[in-house]
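Breakdown of the fold
The lines below spell out each chain.
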Amino acid sequence: MIGVDWGTSSFRAYRLGADGAVLERREAARGILQVEAGRFSDVLRDAAGDWIAAGNRRVLLSGMVGSRQGWVEAPYVPCPAGLAELAAGLASVPFGDAEVLLVPGLSAADPHGVPEVMRGEETQVLGASTQAGLVCLPGSHSKWARVSGGRIEGFTTHLTGETFAALRGHTILGRMMRDGDGSPVAFDRGVVRAGEADGLLHHLFGVRALGLFGRLADANAADYLSGLLIGHEVRSAMPVGAAVHLIGAAALCARYARAIEICGGRASLDEGEAAARGLAAIGEHASWS
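Note that the coordinates shown come from a computational prediction; the quantities given were computed from them, not determined experimentally.

1. A word on helix α9 (residues 250-262)
In this model, α9 (13 residues) spans 18 Å end to end at C-alpha, consistent with the 18 Å of a helix rising 1.5 Å per residue. For α9, the set of buried residues is Cys253, Tyr256, Ala259 and Ile260. Here the buried residues of α9 occupy an arc of 120 degrees about the axis, which is enough to place them on one side. Set apart from the buried face of α9 by more than 90 degrees, the exposed residues are Ala250, Ala251 and Glu261. Directly beyond the C-terminal end of α9, a positive phi value near 95 degrees is found at Gly264.

The structure is reproduced here in structure tokens:
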């Protein structure tokens with residue numbers, strides 16, 4: 001089987017063995033925003049056409065390729081959901097060279113009834129090495145999923161990474177920042193500050209005020225801001241003392257692990273290709289022709 005983790009900005013393809021092992025891996029900057037209208041099939045052929053020609057005629061896609069802006073829109077499956085529910089919701093994609101199925105995203109609601117959605121992260125969560133507990137996927141839109149018995153019970157989304165990029169690139173806070181070598185001390189200060197009273201909006205102005213009075217170096221301001229935002233996210237999403245399983249890029253997960261520790265939790269990092277494992281597991285439950 002061929003599994004593809006196809007997101008907004010990235011494309012990762014895996015040739016999977018019968019046991020789910022990754023035999024080959026390919027990556028390209030061909031996320032859905034870089035694909036011209038109607039050219040998704042061409043991208044798949046360019047990336048994996050030789051695998052298909054060699055006999056790999058089952059292709060499973062996950063991620064934003066199943067969104068309204070993607071190849072085919074796959075309806076969301078409501079939580080709680082596991083491998084069986086996702087497999088039952090697979091959408092068929094027209095492609096003459098192979099049988100292509102698309103993993104649906106998941107939907108949920110927060111305690112106030114506001115909708116939550118994810119696409120792609122569900123595959124990683126169900127491919128993680130943990131089958132129960134709290135799973136965090138840091139990123140532009142960080143996800144915190146509650147997993148029990150191999151099923152995703154619910155989740156919350158936090159716009160942390162995108163907020164950091166917007167504040168640094170498009171506000172007065174960013175004008176007082178310059179690149180540095182990275183300051184763990186400044187990051188820790190931001191995480192600690194997030195636990196103090198008066199809220200995020202007040203804390204954000206403090207980034208500027210601390211700089212004006214010489215109490216935060218320009219080279220350390222970005223790390224302080226990162227710690228502040230991640231600290232607020234972690235304190236909002238994580239019960240004190242909780243164990244959190246992290247999935248994602250090592251450098252970013254290391255920051256989250258540090259923030260989780262400061263906020264009273266315990267973090268572990270998922271090893272290997274969670275997306276590939278999830279695609280393989282869903283593929284085993286799929287009803288192929």
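2. Looking at empty space enclosed by the protein
Here the structure, examined in full by the defined rule, presents one cavity of 30 Å³ or more. What lines the largest cavity is Leu173, Met176, Val207, Arg208, Gly211, Leu216, Ala217, Asp218 and Ala221. Residues belonging to the lining of the largest cavity are distributed by class as follows: six nonpolar, one polar and two charged.

3. Re the pattern of salt bridges
Summed over the entire model, instances satisfying the criterion amount to 19 salt bridges. In this structure, Arg25 engages Glu27 in a salt bridge whose closest nitrogen and oxygen atoms are separated by 3.1 Å. For Arg25, the salt bridge is made with Glu273, and the minimal N-O distance between the two is 2.6 Å. Here the residue Arg25 occupies a position in strand β3 (residues 22-28), and Glu273 occupies one in the loop between β14 (266-269) and α10 (274-285), the gap between them amounting to 248 residues. Its relative accessible area of 25% is what places Glu273 among the partly exposed residues. Shared partners join several salt bridges into a network, and the residues in it are Asp5, Arg12, Arg25, Glu27 and Glu273.

4. Quick look at the sheet that holds strand β8 (residues 106-109)
Pairing is mixed in the open sheet, where three strands are placed in the order β5-β8-β9. Both outer strands of the open sheet, β5 (77-78) and β9 (115-118), are each paired with one neighbouring strand and no more. Across four bridges, the pairing between β8 and β9 is antiparallel. Across the sheet, the residue bridging to Ala109 is Pro115, located in β9.

Reading the values: the criteria
Residues numbered from 1 in each chain as written. Predicted model: local features only at pLDDT ≥ 70, side-chain atom pairs only at ≥ 80, totals over all residues. Heavy atoms only, no water. Helix = DSSP H or I, 4+ residues; strand = E, 2+ residues; numbered from the N terminus. Expected span 1.5 Å × (residues − 1). Buried < 20%, exposed > 50% of the residue type's maximum accessible area, 1.4 Å probe, protein only. Arc of directions from axis to C-beta. 1 Å grid on protein atoms, 1.4 Å probe; cavity = no way out; pocket = protein on both sides within 12 Å on 5 of 7 lines; lining within 4 Å. Points joined across faces, edges and corners; volume = space filled by probe spheres on them. Nonpolar A, V, L, I, M, F, W, Y, C, P; charged D, E, K, R; others polar. Salt bridge = Lys/Arg side-chain N within 4 Å of Asp/Glu carboxyl O. Pairing = 2+ DSSP bridges.

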